Each structure stands twice: as C-alpha cells, then as structure tokens.
Amino acid sequence: MRYLPKSDSERRQMLDACGAASAEDLFAHLPAAVRLRRPLDLAPGISEYEIVDYFRARAAENANGYASFLGAGVYRHYRPVLVDTVVSRGEFLTSYTPYQAEISQGTLTAIFEFQTMICQLTGMDVANASMYDGSTAVPEAAMMAARITGRHRVLAARTVHPEYREVLRTYALHQGMPVEEVGYGKDSGAIDLDDLERKIDGQTAAVIVQSPNFFGIIDDVKSAAEIAHRHGALLVMVFTEAVSLGILAPPAGADIVAGELQSFAISPSYGGPFAGIIATRDQFVRQMPGRLVGQTVDTHGNRAFCLTLSTREQHIRREKATSNICTNQALIALMATVFMTVYGKEGLRELALQNLAKAHYLAGKVQNVFTGKCFNEFVVRVGNPELVNKALLKKKIIGGLPLGRFYPELADSMLLCATEMTSRADMDALSGALRAPAAAEELA
Amino acid sequence: MIRKVRTHPSQNERLLFERSSPGKRAWQLPELDVPAVDPVEALGAANVRDEIPGFPEVSEVEAIRHFTRLSTWNYAIDHGMYPLGSCTMKYNPRINELVARIEGLAWAHPYQPESLAQGAMEVMARLEAALAEITGMDAVTLQPAAGAHGELTGILLIRALLEKRGDPRQKILIPDSAHGTNPATAAIAGYTVENVKSTGAGVLDLEALARAADGDVAALMVTNPNTLGVFEDNIAQAAEILHAKGAMLYMDGANMNALVGIARPGDFGVDVMHLNLHKTFSTPHGGGGPGAGPVAVKKSLEPFLPTPRLKRVRGKWAWDFNRKRSIGRVRAFYGNFGVLVRALAYILAHGGPGLRNATVDAVLNAVYIRKGLEPFFDLPYPSPNMHEVVFSDERQAKLGVRTGDLAKRLIDYGFHPYTVSFPMIVHGALMIEPTETESKFELDQFIDAMISIAKEVETDPELVKGAPHSTRTSRVDEVAAARKPVLRWKPA
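Predicted model only: the values in this text are computed from it and were never measured.

Section: the overall build of chain B
When helices and strands are counted, chain B shows 15 helices and 12 strands. The C-alpha radius of gyration computed for chain B amounts to 25 Å, which stays within 12% of the reference 23 Å derived for 492 residues, consistent with globular compactness. Across its three principal axes, chain B shows a C-alpha extent of roughly 75 × 65 × 45 Å. Taking the contacts inside chain B whose residues are at least 6 apart along the sequence as the reference set, 72% of them involve residues at least 24 apart.

Some words on the packing of helix 6 (residues 147-164) of chain B against helix 7 (residues 181-188) of chain B
Residues and elements named next belong to chain B. Put simply, helix 6 and helix 7 touch, their axes get as near as 9 Å, and they point 45° apart. Between helix 6 and helix 7, the angle is such that the two are oblique. For the crossing formed where helix 6 meets helix 7, the hand is right-handed. Contact residues: G147, A148, E151, L152 and I155 in helix 6; T181, N182, T185, A186 and I188 in helix 7.

Here we look at the interface of chain B and chain A
Interfaces are often sized by the amount of accessible area the parts lose when they come together. Between chain B and chain A, the contact holds 170 residues from the first and 159 residues from the second. Among the elements that line the side of chain B that touches chain A, the one with the most residues is helix 10 (residues 337-373) of chain B, at 24 residues. A breakdown of the residues in the side of chain B that touches chain A according to their chemical character gives 101 nonpolar, 41 polar and 28 charged.

Digging into the domain arrangement of chain B
Domain boundaries in chain B define domain 1 (16-71), domain 2 (95-348) and domain 3 (358-478). Of note, the centres of domain 1 of chain B and domain 2 of chain B, computed from C-alpha atoms alone, are 42 Å apart.

A word on the domain arrangement of chain A
All names here are of chain A. One can read the domain layout of chain A as domain 1 (71-79 + 345-443) and domain 2 (82-339). Computed from C-alpha atoms alone, the centre-to-centre distance between domain 1 and domain 2 is 28 Å. Across the boundary between the two partners, domain 1 contributes 26 residues, which contact 25 residues of domain 2. Those elements that place two or more of their residues in the side of domain 1 that touches domain 2 are helix 11 (330-363) and strand 11 (377-381). In terms of residue class, the side of domain 1 that touches domain 2 is built from 15 nonpolar, six polar and five charged.

Some thoughts on the pairing of strand 5 (residues 248-253) of chain B
Residues and elements named next belong to chain B. With six of six residues buried, strand 5 lies mostly within the body of the structure. Where strand 4 (residues 217-223) meets strand 5, five bridges bridge the pair, whose relative direction is parallel. Considered in strand 5, the bridge of V222 is made with M251. In this fold, the crossover linking strand 4 to strand 5 by way of helix 9 (residues 235-244) has right-handed handedness. The pairing of strand 5 with strand 6 (residues 272-275) spans four bridges and is parallel. Bridge assignment links Y250 to a residue of strand 6, and that residue is V272.

Some remarks on helix 10 of chain B
Residue and element names in this part refer to chain B. Compared with the 54 Å implied by 1.5 Å per residue over 37 residues, the 41 Å span of helix 10 between its first and last C-alpha is markedly short. The principal kink in helix 10, of about 95°, is found at G351, preceding the proline P353 by one to four residues. Counting buried residues in helix 10 gives 32 out of 37 residues, a clear majority hidden from the surface.

Let's talk about the sheet that holds strand 14 (residues 413-417) of chain A
Residues and elements named next belong to chain A. Judged by pairing direction, the sheet is antiparallel, and its three strands sit side by side in the order 11-14-13 without closing on themselves. Looking at which strands have only one partner, the edges of the open sheet turn out to be strand 11 and strand 13 (401-402). Both strand 11 and strand 14 contribute to a ladder of five bridges, which runs antiparallel. Note that in strand 14 the partner of V379 across the bridge is L415.

What to know about the sheet that holds strand 7 (residues 256-260) of chain A
All names here are of chain A. One open sheet holds the seven strands; their spatial order is 2-8-7-6-5-3-4, and the pairing between them is mixed. Of all the strands in the sheet, the pair left with one neighbour each is strand 2 (126-127) and strand 4 (179-182). Two strands pair when backbone bridges link them, and strand 2 and strand 8 (residues 276-280) are joined in this way by two bridges, in the antiparallel orientation. Pairing of V126 across the sheet is with T280, part of strand 8.

Digging into the pairing of strand 9 (residues 293-297) of chain A
Residues and elements named next belong to chain A. Counting buried residues along strand 9, four of its five residues qualify, which places the element largely inside the surrounding structure. As paired strands, strand 9 and strand 10 (residues 303-307) are joined by five bridges and run antiparallel to one another. Each bridged residue has a counterpart across the sheet, and for V293 the counterpart in strand 10 is L307. Between strand 9 and the antiparallel strand that follows it, strand 10, lie five residues; G301 among them carries a positive phi value of about 85°.

Points about unusual backbone geometry
N224(B) connects to P225(B) through a cis peptide bond whose omega is -10°. Looking at the element boundaries, P225(B) is found in the loop between strand 4 and helix 9. The linkage connecting T307(B) with the following residue, P308(B), adopts the cis geometry, with an omega of 0°. In this fold, P308(B) is placed in the loop between strand 7 (295-297) and strand 8 (309-313). A positive phi angle, close to 45°, is found at S269(A), a residue other than glycine. When you line up the elements, S269(A) lands in the loop between strand 7 and strand 8. C-beta crowding within 10 Å serves as the criterion here: with 27 such atoms nearby, S269(A) is assigned to the buried category.

Rules of the game
- Residues numbered from 1 in each chain as written.
- Chains lettered and ligands numbered in written order.
- Predicted model: local features only at pLDDT ≥ 70, side-chain atom pairs only at ≥ 80, totals over all residues.
- Helix = DSSP H or I, 4+ residues; strand = E, 2+ residues; numbered from the N terminus.
- Rg over C-alpha atoms; globule rule 2.2 N^0.38 Å.
- Contact = placed C-beta atoms within 7 Å.
- Axes fitted to C-alpha atoms, helices over the stretch in contact; angles between N-to-C directions.
- Parallel < 35°, antiparallel > 145°, perpendicular 65-115°, else oblique.
- Left-handed = near helix turned anticlockwise from the far one by under 90°.
- Nonpolar A, V, L, I, M, F, W, Y, C, P; charged D, E, K, R; others polar.
- Domains from an automatic or database assignment.
- Buried ≥ 20, exposed ≤ 12 C-beta atoms within 10 Å, placed from the backbone.
- Pairing = 2+ DSSP bridges.
- Right-handed = clockwise from strand over helix to strand, strands pointing away.
- Expected span 1.5 Å × (residues − 1).
- Bend = angle between axes of the 7 residues up to and from the residue.

Listed below in structure tokens is the structure:
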C-alpha cells in the first residue's frame, strides 16, 4: 500500500528483531474474545485516480453553476490564491500543536500575528489562537462571563444566529446556566432594548448580541452594553460576517467578542471546518478558553514565541480548566491570517465597501422587512419563500434562506445576501424573478 | 553521531506589522458593477470606522516570502518522524487535500437545498457507515469538531439516557492515566470527577472499579489501548461491572490506531466513544487543528444523538431536524465536512484489508522501537505494548537529565520530540508513538539517536541539558512568557 513505507523483507527483519514469528504474534496478548475474526466489511483500497473520480462524482451531485444568495453565517467571498499556497506548505499543514517552541516558531509567529490582527479588528486587548467555530465560541464566552461575574443567567438576543443559540442551549443546560432570549423590534429588526431591560437582573452574567445580526442589521451593541453594565453583567458581542469589520466601528462597550472567521478565505465547505475566535479585555485573560501564544526570548536573548498561560488549559488543570478544548482550528486561522495580510488595511475596507454597495443595490430592488441599517444581508418579504426558491432554481439561482424554520413569524420572508462575488446581472435576474408575473402567479 | 541532519542557514523575518508601509498592497478588486455607496449614509456615522489601526500593508511578494520564511522554522511530518505519543502523527496523504478542494464540495453552502447537496450528504453517510463498521457500533454522528468536543457530546448522550431513566447521576470515573480532556469534559457536562487508580501493571484495577462504581456513577471514561499503549485486557469485565450498576462505558478513541481491523470497541462492551479523524484517519493536524471528533454509539443512545441526522427519504438523503430526544446541537451546521472528506478519502485508499495492515505496521513499529531502546531506558510497565511505548527517564534523571532535556536533544538529531511527561502515572515519561508511516530506515535512525543521547547523558550531560543547539531558536523562556504576558504586537 502506497502509504506504508516498508517492504515485506523489512517487515520480516523487524519481526525477527522483535522475536515475533508473525504479525499475529504482536496481538497475541489480546483476549481472544475481543478480537475481530473477520475482515472489515469495507471495499478493498483504490487508487488515487479512482478516489478523485469518486469525489468528482459526488461533487457533481451538488449545486454547480448556480448563482447563490445564501449567507446566514456562511458567506461566499473570493479566496486569494496565496491562501492555499501558504496552507498547502507541509511545514504548516503537517505539523502538530506548537508545544515544542524551538521547532515551531513558524506556527507560533503566525498565531501571534493572528491574535494581533483580531485585536486590531475588534478593538479588544487580547484574542485567543482560535475556537472550533463561531457557534461554539458563544457558549464558551457565556461560560467565561459566568466565571468572571460569579453569576449564571444568560440573555441572548433572538437575532443571534439561531444555530448558535441552539449550541448555547446544549452547553448551558448542564451548567446550571439558564438561557433566556431577548426579542427584536418588529420594525427595526434590532434587539428590543425594552425587553432587555425587563429581563435583565442581578443574576445575569452575560448579554449576548450579534452585529451585524442574523437579519443583517447593525445592532445596537452600545445601548445593550450600557444596560448590561448597569446591572453588572458583561456584554458578549457575536459576529458571523467578519468582512463587516472592515468598515464597521469596533463594538463599543463589548467585554467579550465571540466571532466566526469563515468570511476570511475559508471555503463554505458545507459548514466546516471554520474558525471561531474569542477576544476580550486584558483583565479577563486568565478566564479565557483556548490556546494563547505569547512573546518571550530564547537563551540567546532573541525574540521568540511560545504557548503560554496554559495553566488555564485541560492538559494542566484537568477538571478545573476554563474549557475542555484541545485541538482548535490552527490551519484555518492561518488561512484567515493570510487573507488579512493580503487585503490589509485598505483592502479590507474596500472589500467591505463593495459588499455594502452590492447588498444595497439589491436591497433597493426588493421589499425589505426591517428598517435597521444593514451590511450585506437583509430580510425580504416574498410570500412563500419555498415556492419562490423552487421557481428560482429553474433559473439556476439559489435564493435566500427561508426564515420560517427559525422564526415562525417570518414564514413569508427570506434572508438574502450579496457579496463582492455577486454580479449585478445575477441580482437583476433575482429581483426580476421576484417581481415577474410568472413568479407572482406561482406564488398565488 | 548525528546522521540525519546538518545545520543550514534560515532567513530572518520580521513581523508583518514591522515590515508594513502605507499604500503597499497585495490585493486588487474588480471594478464595482453597481453604484458605490457612502458608508456614513448607509450605516450611520457612529457605525463607521476610520481605519484599522496597525493592520498590515505589504505587497504580494512580501506576503508570500513572509509566510514561506515562517514555515521553514517549523518541523513537520513531511520532514520526518514525529513520534508524539497519543497524537498519531502519521503521513497526511496529499490526495485528501486535492479532493477536499473540488469546487462542488468546497463551495457547498450548508443551507443549499438538499436536492443540490446529495453528494455532500452521501459522503457523510458513507463515512458514518464506515466508522460504524470499524468501531462495531450502531450509529455515528459526525458533528463534533474535535476529540474533546466528541467527548462532551458522548457524555451529554450518557446524561440524556440516564435522565430518561430517571437519574442522571453525579460522577464520572476516570483512570489516573487519562488525557486531560477527559476530566475537563466531565466537568463541563456537569459531572464531578473521581479518579480510579491503575494496577501495578498499568491497567484498570477491577477491584477498585467495583468499589467506585456505586449507584451515583454515570460512566467510566477509558482510553483503550490506554496511554501506556497497553490494551486494557479486562475491558469486557469492566463493562460488565459498570452495566450491572446501570453505568456506561465511554471510550476515548485517541488510540484507535492500534485497533482498526483488529478489535472493535462495540464488541468489548463500549457504549459510546469518539474518534479523532486527525489522528487515526490521517487528516492533517495543521499546527493544532482543524480536527473532527465523530461519536459512535450503541443503539440505546442513538435517539439522543445531536440534531440533525441524515435519513433516507424516497431514495434521497434528507436532514432530520425533528428529533425530540436529541441532546440538541453541539455546533452549527453538520460538522467539519472538509475534514470528513479527507478521512473518507483515506479509508477508500486503504480499504478494509489495508486499514488492518496499517494497524499491524503501527504496532510493529512501536514494538520495534521498544526492543531497540529497552536496554537503554527504563520501562516502568513491561506489559506488551501496542501502537506506542512509554519509557521513564529514571536512569537519566539520576545523572540530572530529565525527559524534557532528552526530548530537546532529539531535535538536534533531526526528530521531533516524543510526548514529554505524560501519562502522569509514569514519572518522567517518554511517550513514543511512531505510527505505521515510518520506514525501517527512519526508525533505525531514531533508535540510534536515542541510544546516542543516552550515552551523551553519561559522558556529557550538559550537552543534553542545553539542547537544542542546532535550531535557529534556542530554548525559550516559557516562565517569562507567562509571568508578563505579551499576547499581541504593539508599536514600539
């Protein structure tokens, strides 16, 4: 087999050296009852050529050649070629977590740059080396807030990504951490601050707000933070569309930022692998989950980097750790690092502006549900989203996400997204189809 | 005598922020085909930022040189043997990288219609079936993002089943040889942890287990083979003890590379387990992730698996979101799909018989290393080992040289160190896992290097204690890093 680098004669020599008559001898100490006495019921191995064939055939069964207006936490952005060039280097791809600092300075330096850029983007003091994704970063942030405040109640805006809230509920259930939801303004689509005032109390550890929120609207993080702080709670700001940070002011008043970096050159890949982050203020660093890289010196006095503050982590603290996270998303974080480097200070702003321009062009042609200001996503009322989408598929267009599944009160609406990769022609086709008599008939 | 490597110069490189200059760029966007929008007007002045202070500005050439230079400061499997015990650092086939990037897979959106995602769903269904066959379990969820995430999922499943029976119980039992993630997971799932001592032979102590397994125990979390690389030969009896008390057996599958095709956890009493696709199934570690931590369960736990589940409806794949007894989601969407593609490509490449051959070679390599090094290093647990072998630094420590020093010296010989000081039941542990993808030539060089270091400890201990000597970065001051944390770059 091509991945096994030994000849039969070498195996024989090794078995002899081990005093084993056959390979079977190596397993002789296993109790007979536990042994599998038949071959695994899996097809024999195949060649590289056949493997490519198999996956090309599967890929052909997915959407190909469609224009898409899906966002909702996963965005279509152009991936600069440099990203795959860098992460395909075996030195990054095939190395382990950088515990041995002397021979891991490449990964450590890149993570230090990553942490720095995430701080610059979010306006926070410190960022970790990554979480699994945005959805798991949210409960980790909530647990962190609970440790800091010594409180346990969590309030999450209903405009936080619905699947993130589902994950939060799964984690919170057995932590004695009740999660309640805060509504949104029927017109604005932003967090209902009155509802927040009503629900917050002296036991609230965290108020969780997303911006741009699930409806694409720039949410009022500042006002929510003021309310949270007045009650001694922390404000956790969530983002799913990292490109928005190229133009949006960093979250005023946030204590913890929990975000998803998929927009930074990470392929949609049917939902993963992505990379989440947690960023916070200096004073909370010892309550952070996940790995952190810090600067130090080597014995010659040269600048060097290493994993640090690991007394927070499971391999040292075991059941008293801040989280059970071990493996994170280092290579994906590296993709985001290369992406941020390629676009840089001006480019990320320009990219954000292009997203803004595209989405506003499309929003101008359809019926918006909410009045709040949006970035590159917005909610439109279309009547029956499922039927509309079915009609659109015939035109090779994947429409927006029907919202009824997550928000029964918005069953007549869908969430549309436009990015720099969405062409004017596709947007015209979409808006035309939404208005066309044929579509209208189909809706009726 | 160091045969594998010679020193060579490496490029210096400043941080991105230190080589930035205003106006340099590595990007170009197409002309906008729609009217530009004034951000202040569209978003409100308070919502618009001026600039991102400190963000890098470099050219394309500098960007690629920057990351290429950084990369040369890493050691990687592609350089050579990476014998980290418990981490299964095996070769990462490049075909896996290629297929994961095929456009129809890489650009599939998780919300695209099921009718246009059949290929992605088929890949997941086929992987689920293969993992169920390999583990001997009844059902598999691919949702967890990594091993520790799989552990959490598994313990939540146990909790859900016990709750359904009327009492979720309070405790999780964990052997003293366990990975740190096990107790950390139990705590996050709301359980208290009770450690169970191992026997003198380094395996589960059935008597201690029987004493500890009272009506308040939800489960035992055990790694098999354990972190000594030793098969828990009374695992089936342990399962019986637990089951008799209404408790469950959780298996940490980190060491599954020793068992694939040889023995199946489902056949020796395990109720729920996780796999690390980034270990056993060759997906790249990438400097610390991404991984994937599928969880395999017996039938009794299947109703509680995370939502959604794949189901077959009129000859097509569909997602089933309507699962009343499910523990809920453990992450958004369906899992680290790109990692799942790579793992399936690996399974297809090996096939059933090939996977077993890989296991045999993995064990052969570890036993071969043991035979080669036994005369020179203390072996505290002489039971037969499987895919890894754990020595202690006892002999070398008498001369003032510890396992961490030996590991650093190994770097000078051109190898990545083994896992240092773990498991904790071995004082000064050297935990060595070669994996099956090392040639006899590489293994012989490794054995020679270790023997040479053992001799250096006797003749020139300071040489070993000051190692590494050949790297561009010498030993780093980890204490200083933790005492005064500098976690981001700031302008001077």
